[in-house]
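# Descriptive structure summary
Single-letter residue listing:
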Amino acid sequence: MIPYGKQDINQQDIDAVVDVLTSDFLTQGPKVPLFEKTITDITDSKYAIAVNSATSALHIACLALGVGKGDIVWTSPITFVASANCALYCGASVDFVDIDADTYNLSPVALEEKLKQAKLQNKLPKVLIPVHLAGQPCEMHKIHLLSQEYGFKVIEDASHAIGAKYKKQPVGNCQYSDITVFSFHPVKIVTTAEGGVATTNNKLLAEKMQLLRSHGITRDESQMTEPSHGEWYYQQLELGFNYRISDLHAALGISQLTRLQEFVEKRSVLAEKYNKALTHLPIILPKQLKSAASSWHLYIIRLKLTALSKSQQQIYSELRNAGIGVNLHYIPVYQQPFYQNMGFDKKYFPEAESYYQSAISIPLHPQLSAAEQQQVINCLEQILI
Ligand SMILES: *Cc1c(COP(=O)(O)O)cnc(C)c1O
């Protein structure tokens, strides 16, 4: 099976991890701050807080922004469940904003409409979590203007988008948001096995997230409520968690990030090849905005079902049977049984519904060979024509 995504680990990555294994620190050593420094350099942000997953980063990002009981968080329905779950961890409620028909990202038009309604009903969100689906940045400038007008905070879920650019600037610089979150799960652009990071330019948010990732404990005397009792002393100021990333994972991350450009470049070349080779098929190819330079985490095609004699399910299983590891990103979050119990109605998300009925992700990762990509193209031709 040709997988839809796969990590790319080389000898340098292996050596970096082995070096840490034989060093003094397996965790909380020098690699984590170095990893964070690498992230702030790459994203052009002031602070980076590395944690054990993007899910943890989303959770502490919400907490740092004060999300709690009675608050409302909005996100895109076409995302991994973690983008919505983070609000529920904080005791807040979640709602969704329908997607754009072309980019499949949260639609600024639908957002503005929903904000107008929410204002009348006194149900405005405290935080919005736009998701850069497949690595293509959302229209952050428009989202930012709306956040100013309606007074909500913004967390970018950039789990797919390290190495992507918006208006020529790196995603993660938080120019149009309060916090940006990246994931380093093995299917993403670069990996630490498990891991995530939150970037911000706001010192208070950074300090809050630093506390929350490690039990709410500080050793910094300037943050303490009374003078230190001695060198052993620490204080717990908040109810935090153990969301720390280890030095082993951070070392892998540092090594992987040296190849970020190369990974994104390889993915772009492969995407470009698909763009050219698939134009004659009854499918819609991924549309890119001028403002966006995608990191190409995913290559998502949409089936033109009216021009096809087969169903999405049929095409999906024929591709899998032919050894093409297709996937579907994502089932609308509100369709999950856990969310259905909260009473979401499909009729409010027509674009997300239509997307889910026709989308398929085809293989795209740096190790995909020209021969494998050709096999994907040939199979699509055979199955779709
Ligand atoms: C992968 C992913 C996450 C969660 O990332 P983890 O690092 O596995 O916790 C969150 N949001 C999106 C959009 C993702 O793709």
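Each value, and the rule that gives it
Residues numbered from 1 in each chain as written. Predicted model: local features only at pLDDT ≥ 70, side-chain atom pairs only at ≥ 80, totals over all residues. Heavy atoms only, no water. Helix = DSSP H or I, 4+ residues; strand = E, 2+ residues; numbered from the N terminus. Rg over C-alpha atoms; globule rule 2.2 N^0.38 Å. Buried < 20%, exposed > 50% of the residue type's maximum accessible area, 1.4 Å probe, protein only. Contact = heavy atoms within 4.5 Å. Areas by Shrake-Rupley, 256 points an atom, 1.4 Å probe, with all protein chains shown as cover. Lys, Arg positive; Asp, Glu negative; His and termini not counted. Charge placed at Lys NZ, Arg CZ, Asp CG, Glu CD. Pairing = 2+ DSSP bridges. Phe/Tyr/Trp six-rings, centres within 6.5 Å; stacked < 30°, edge-to-face > 60°. Salt bridge = Lys/Arg side-chain N within 4 Å of Asp/Glu carboxyl O. Axes fitted to C-alpha atoms, helices over the stretch in contact; angles between N-to-C directions. Parallel < 35°, antiparallel > 145°, perpendicular 65-115°, else oblique. Left-handed = near helix turned anticlockwise from the far one by under 90°. Nonpolar A, V, L, I, M, F, W, Y, C, P; charged D, E, K, R; others polar. Patch = residues over 30% accessible without salt bridge, like charges linked within 9 Å, V, L, I, M, F, W, Y side chains within 5 Å.

## Some words on the overall build of the protein chain
Scanning the protein chain from terminus to terminus reveals 13 helices and 15 strands. The globule rule puts the C-alpha radius of gyration for 385 residues at 21 Å, and the 21 Å found for the protein chain is close to it. In terms of overall dimensions, the protein chain has C-alpha extents of about 75 × 60 × 35 Å along its principal axes. For the protein chain, the proportion of its 385 residues judged to be buried stands at 54%. Sequence-distant contacts, at least 24 apart, represent 72% of the contacts inside the protein chain between residues at least 6 apart. Looking at the protein chain as shown, the accessible area adds up to about 17,000 Å², and 52% of this sits on carbon and sulfur atoms. For the protein chain, the distance from the average site of its 34 positive side-chain charges to the average site of its 37 negative ones is 5 Å.

## Brief notes about the sheet that holds strand 12 (residues 283–284)
Read from one edge to the other, the open sheet built from 3 strands follows the order 12-14-15, with strand pairing classed as antiparallel. Every other strand in the sheet has two partners, leaving strand 12 and strand 15 (359–362) as the edge strands with one partner each. One ladder, built from 4 bridges, connects strand 14 (residues 299–303) with strand 15; its direction is antiparallel. Bridge pairing links Ile301 to Ile360 in strand 15.

## Description of the packing of aromatic side chains
The final tally for this structure, using the stated rule, is 13 aromatic pairs. When the ring of Phe96 is compared with that of Tyr334, the centres are 6.1 Å apart and the planes differ by 65°; the resulting orientation is edge-to-face. Of the two residues, Phe96 sits in strand 3 (residues 93–96) while Tyr334 sits in the loop between helix 10 (312–321) and helix 11 (337–340), which places them 238 residues apart along the sequence. Ring geometry for Phe241 and Tyr243: centres 4.8 Å apart, planes at 10°, overall stacked. For Phe241, a relative accessible area of 24% translates into the label partly exposed.

## Re the pattern of salt bridges
Tallied over the full model, the rule gives 14 salt bridges. Between Arg259 and Asp8 there is a salt bridge, with the nearest N and O atoms lying 3.0 Å from each other. Taken as a pair, Arg259 in the loop between helix 8 (247–257) and helix 9 (260–277) and Asp8 in the segment before helix 1 (11–21) lie far apart in primary sequence, 251 residues in all. The class of Arg259 is buried, set by a relative accessible area of 9%. Residue Asp8 is classed as buried on the basis of its relative accessible area of 9%. A single network of salt bridges, built from pairs that share partners, joins Asp8, Asp13 and Arg259.

## Thoughts on the sheet that holds strand 13 (residues 292–293)
Taking strand neighbours across the sheet as the criterion, the 3 strands line up as 7-6-13 in an open arrangement whose pairing is antiparallel. Each edge of the open sheet carries a strand with a single partner, namely strand 7 (169–170) and strand 13. For strand 6 (residues 165–166) and strand 13, the ladder comprises 2 bridges, and the chain directions are antiparallel. What sits directly across from Lys165, in strand 13, is Ala293.

## Some remarks on unusual backbone geometry
Following His329, the chain continues to Tyr330 via a peptide bond in cis, the omega torsion being 10°. In this structure, Tyr330 sits in the loop between helix 10 and helix 11. The phi angle at His215 is positive, at roughly 65°, despite the residue not being glycine.

## Notes on the packing of helix 10 against helix 13 (residues 370–384)
The geometry of helix 10 relative to helix 13 is characterised by a closest axis approach of 10 Å and an angle of 140° between their N-to-C directions. One way to sum up the angle between helix 10 and helix 13 is to call them oblique. When the axes of helix 10 and helix 13 are compared, the crossing they make is right-handed. Note on element contacts: helix 13 touches helix 10 through Cys379, Leu380, Ile383 and Leu384, opposite Ile315, Glu318 and Leu319. Residues of the contact of helix 10 with helix 13, tallied by class, amount to 6 nonpolar, no polar and 1 charged.

## A short note on a nonpolar patch on the surface
A cluster of nonpolar side chains, Ile9, Ile14 and Val18, forms an exposed patch at the surface whose accessible area comes to about 220 Å². Judged by relative accessible area, Val18 falls into the partly exposed class, the value being 41%.

## Quick notes on the environment of Ser295
Positionally, Ser295 belongs in the loop between strand 13 and strand 14. Classification of Ser295 as buried rests on a relative accessible area of 0%. Sequence spacing of Ser295 and Ala161 is 134 residues, and the spatial spacing of their C-alpha atoms is 5.6 Å. When residues no more than four places from it in sequence are discounted, the contact partners of Ser295 are Gly135, His160, Ala161, Ile162, Gly163, Ala164, Ile189, Val264 and Arg267.

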